[in-house]
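Secondary and tertiary structure notes
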Amino acid sequence: MVVIRGATTIPCDQKEEIQKAVGELLEQIESRNGVKIGEIVSIVFSSTSDIHSYYPAKAAREAGYASCSLFSAQEPDIEGGLPLCIRAMLFVEKDFAPKHVYLRGAKVLRKDLDKFNVAIDGPAGSGKSTVAKRLAADYNILYLDTGAMYRAVALYALESKVDLENEAAIVDLMRTLKLDVVYENGVQKTLLGERDVSEAIRKPPVSMAASTVSKYASVRMKLVEKQREIASKMSCVLDGRDIGTFVLPEADFKFYLTASPEVRARRRYDELTAKGEVVDFVELKAEIIRRDEQDMSRALAPLKQAEDAVLIDTSDLSIEEVVAAVKQKMQEKI
Ligand code: DC
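Heads up: these notes are all about the structure in this document. (Residues numbered from 1 in each chain as written. Predicted model: local features only at pLDDT ≥ 70, side-chain atom pairs only at ≥ 80, totals over all residues. Heavy atoms only, no water.)

Describing the site of the ligand
Quick note on the threshold: For this description, a residue counts as near a given molecule or strand if any of its non-hydrogen atoms is within 4 Å of it. Any N or O atom pair separated by 3.5 Å or less is treated as a polar contact, with the protein-specific requirement of one donor-capable and one acceptor-capable atom, and with residues adjacent in sequence counted only for side-chain atom pairs. Accessible surface area values rest on a Shrake-Rupley calculation with a 1.4 Å probe, where residue burial reflects the displayed protein chains alone. Helix and strand assignments follow DSSP, with helices taken as H or I runs no shorter than four residues and strands as E runs no shorter than two, numbered in order from the N terminus. Under the scheme applied, nonpolar residues are Ala, Val, Leu, Ile, Met, Phe, Trp, Tyr, Cys and Pro; charged residues are Asp, Glu, Lys and Arg; polar residues are all the others, including Gly.
The ligand sits among 16 residues. The nearest are Arg151, Arg220, Asp242, Arg291 and Asp295. Arg151 is positioned with one of its side-chain polar atoms (N or O) 2.6 Å from an oxygen atom of the ligand. Between the ligand and Arg241 there is a distance of 2.8 Å, counted from an oxygen atom to a side-chain nitrogen or oxygen. Coverage of the ligand by the protein chains reaches 97% of its 440 Å² of free accessible surface. Elements represented by at least two residues in the shell around the ligand include exactly helix H4 (146-159), helix H6 (204-213) and helix H10 (281-297). With four residues, H4 is the largest single contributor of residues to the shell around the ligand. Its residues placed into classes, the shell around the ligand shows two nonpolar, five polar and nine charged.

Re the packing of helix H3 (residues 128-139) against helix H11 (residues 319-330)
Stated precisely, the cut-off is as follows: Lines fitted to the C-alpha atoms define the axes, with helices restricted to the stretch that makes contact. Angles between their N-to-C directions range from 0 to 180 degrees. Here the word oblique covers every angle except those under 35 degrees (roughly parallel), over 145 (roughly antiparallel) and from 65 to 115 (roughly perpendicular). Handedness of a crossing follows from how the near helix is turned relative to the far one, being left-handed for an anticlockwise turn of less than a right angle and right-handed for a clockwise one. Whether two residues are in contact is decided by their heavy atoms: any pair within 4.5 Å suffices.
Two numbers describe how H3 lies on H11: the axes approach to 10 Å, and their chain directions differ by 60°. In terms of orientation, H3 lies oblique with respect to H11. In this structure, H3 crosses over H11, and the sense of that crossing is right-handed. Residues Thr130, Val131, Arg134, Leu135, Asp138 and Tyr139 of H3 form the contact with H11, whose own contacting residues are Ile319, Glu320, Val322, Val323, Val326, Lys327 and Met330. The class makeup of the residues in the contact of H3 with H11 is eight nonpolar, one polar and four charged.

Here we look at the sheet that holds strand E12 (residues 253-258)
The cut-off we apply is this: Should DSSP find at least two bridges between two strands, the strands are regarded as paired.
The parallel open sheet is built from five strands, whose spatial order is E7-E11-E6-E12-E13. Lying at the two open borders of the sheet, with one neighbouring strand each, are strand E7 (142-145) and strand E13 (310-313). Direction aside, neighbouring strands of the sheet carry axes that sit 20° apart on average. Judged from the four bridges that link them, E12 and E13 form a sheet pairing that is parallel. Opposite Leu257, over in E13, you have Ile312 as the bridge partner. With respect to the sheet, H4 is in contact with E7 and strand E11 (236-240), its orientation differing from that of E7 by roughly 40°.

As for the layout of surface pockets
Inclusion rule: Buried and open spaces are told apart on a 1 Å grid over the protein atoms alone, a cavity being a set of points where a 1.4 Å probe fits but cannot get out and a pocket being an open set with protein on both sides within 12 Å along at least five of seven lines. Residues with an atom within 4 Å of a point are the lining residues. Grid points are joined across faces, edges and corners, and a volume is the space filled by probe spheres set on the points.
Counted as a void, the second largest pocket has a volume near 320 Å³. Broken down by secondary-structure element, the contributors of at least two residues to the lining of the second largest pocket are H3 and H11. For the lining of the second largest pocket, the element with the highest residue contribution is H11, accounting for three residues. In terms of residue class, the lining of the second largest pocket is built from seven nonpolar, four polar and three charged.

So, the state of the cysteines
For clarity, the threshold we go by: A pair of sulfur atoms, both from cysteines and within 2.5 Å, is called a disulfide here. With a 1.4 Å probe rolled over the protein chains alone, any residue whose accessible area is under 20% of its type maximum counts as buried; one over 50% counts as exposed, and the rest are partly exposed.
A full pass over the atoms with the stated rule returns zero disulfides. This cysteine, Cys85, is not joined by any disulfide, and Cys12 carries the nearest cysteine sulfur, 15 Å off. Classification of Cys85 as buried rests on a relative accessible area of 0%.

Structural notes on the packing of aromatic side chains
For clarity, the threshold we go by: Each Phe, Tyr or Trp ring (for Trp, its six-membered ring) is paired with any other whose centre lies within 6.5 Å, and the angle between the two planes then decides the class: stacked below 30 degrees, edge-to-face above 60, tilted in between. A positively charged side chain is recorded as over a ring if its NZ (Lys) or CZ (Arg) lies within 6 Å of the ring centre. The angle to the ring normal must also be within 35 degrees.
Per the counting criterion, the structure on display carries three aromatic pairs. Ring geometry for Phe116 against Tyr139: centres 6.4 Å apart, planes inclined by 75°, an arrangement best described as edge-to-face. Pair noted here: Phe116 is in the loop between strand E5 (101-102) and strand E6 (117-121) and Tyr139 is in helix H3, with a separation of 23 residues, a long-range link. Here the two residues Phe116 and Tyr139 agree in accessibility, since each one is buried. One aromatic cluster is present, built from ring pairs that chain together Phe116, Tyr139 and Phe253. Lying across the ring of Phe96, Lys94 places its NZ or CZ 5.6 Å from the centre. The ring of Phe246 has Arg228 sitting right over it, with the charged end atom 5.2 Å from the ring centre.

Side note on the sheet that holds strand E8 (residues 179-184)
In space, the three strands of this open sheet follow the order E8-E9-E10, with antiparallel pairing throughout. Both outer strands of the open sheet, E8 and strand E10 (195-196), are each paired with one neighbouring strand and no more. Sheet strands in contact with H4 are E8, strand E9 (187-192) and E10, and its direction is about 25° off that of E9.

Here we look at the pairing of E7
On E7, burial covers both faces: Leu142 and Leu144 on one face and Tyr143 and Asp145 on the other are all buried. Of the strand pairs in this sheet, E7 and E11 are connected by four bridges, and their pairing is parallel. Paired with Tyr143 across the strands is Val237, a residue of E11.

Some details on the pattern of salt bridges
Quick reminder of the rule: A pairing counts as a salt bridge when a side-chain nitrogen of Lys or Arg comes within 4 Å of a carboxyl oxygen of Asp or Glu.
Summed over the entire model, instances satisfying the criterion amount to 22 salt bridges. Across the salt bridge formed by Arg134 and Glu320, the nearest N and O atoms sit 2.8 Å from each other. Residue Arg134 is located in helix H3, and its partner Glu320 is located in helix H11; the two are separated by 186 residues in the primary sequence. Residue Arg134 is classed as partly exposed on the basis of its relative accessible area of 25%. A salt bridge links Arg175 to Asp172; its shortest N-O distance comes to 2.5 Å. Looking at Arg175, the relative accessible area reads 63%, which means it is exposed. Here the salt bridges share partners, and the residues they tie into one network are Arg134, Asp138, Glu320 and Lys327.

Below, the structure is given as structure tokens:
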């Protein structure tokens, strides 16, 4: 006898959602384990206390699981637990190494089984990095700020007094680039050689320079290779411009955040002035618009929404609301 475990989530407490999610979960458990319905002796479901509208066991019965015994129970409320979650335990009359299956938002429960990646793209000031940091902290996974890598290249070029528009000179410079991304207490630090440049790369002149050097294939490919390598090893949230379209087209969850230029410029202005920078709002807004144009019009991996990314306009939303919207979408995406 083998016991296979699985879990999934639903976007809202509705009969149809429960039926769909249960059918999908059982089908995936069967296909990934090579199990046939007749070999299943019993299925025990438990669902979180926010699910009332249907019994998962009933949904399973209707989906054709009629020959095995079925049981549903409700879990007690757990502070901070994953909401709207259905768990299943299948007892199978066979002997093999089981593959446990965690789908949709429940992927975050078993990072040890399957790593997952969340891609968040969008223009400057759309809220990507704040939301990405929050998600990474909530799910206890890595946050990779890919913009920081382009910024580090830009800082290196600026300090080396290389003409940013001279592609050949930038290509040359890339040969001596020693860029590293390390983590200290879960916080990303960007290193140029031994030097921690995490603060220096946030200075306003570096933003436009990062956008300019990011046009070049030699820069992009070197950084993309590093980003893919990190993402292939562990679950992480990556934010940038081309994560969903180019870096990780197979990412489990994809989001595209946007906001009006006015709102984005206001956020950047508040961020910079809080750090004591003296900036002109009108200039900042014009620069953000210019940077958007440059990022959207470059030939290689331009800023654009992936076809399968969820679009969220954050103009009138608080951080809490954006995080909630992202998590809600993760509940329904297989
Ligand atoms: O997200 P940010 O403002 O730190 O990014 C700085 C610049 O780096 C951005 O204007 C374009 C470039 N970039 C990119 O081309 N691809 C990414 N994945 C991330 C950033």
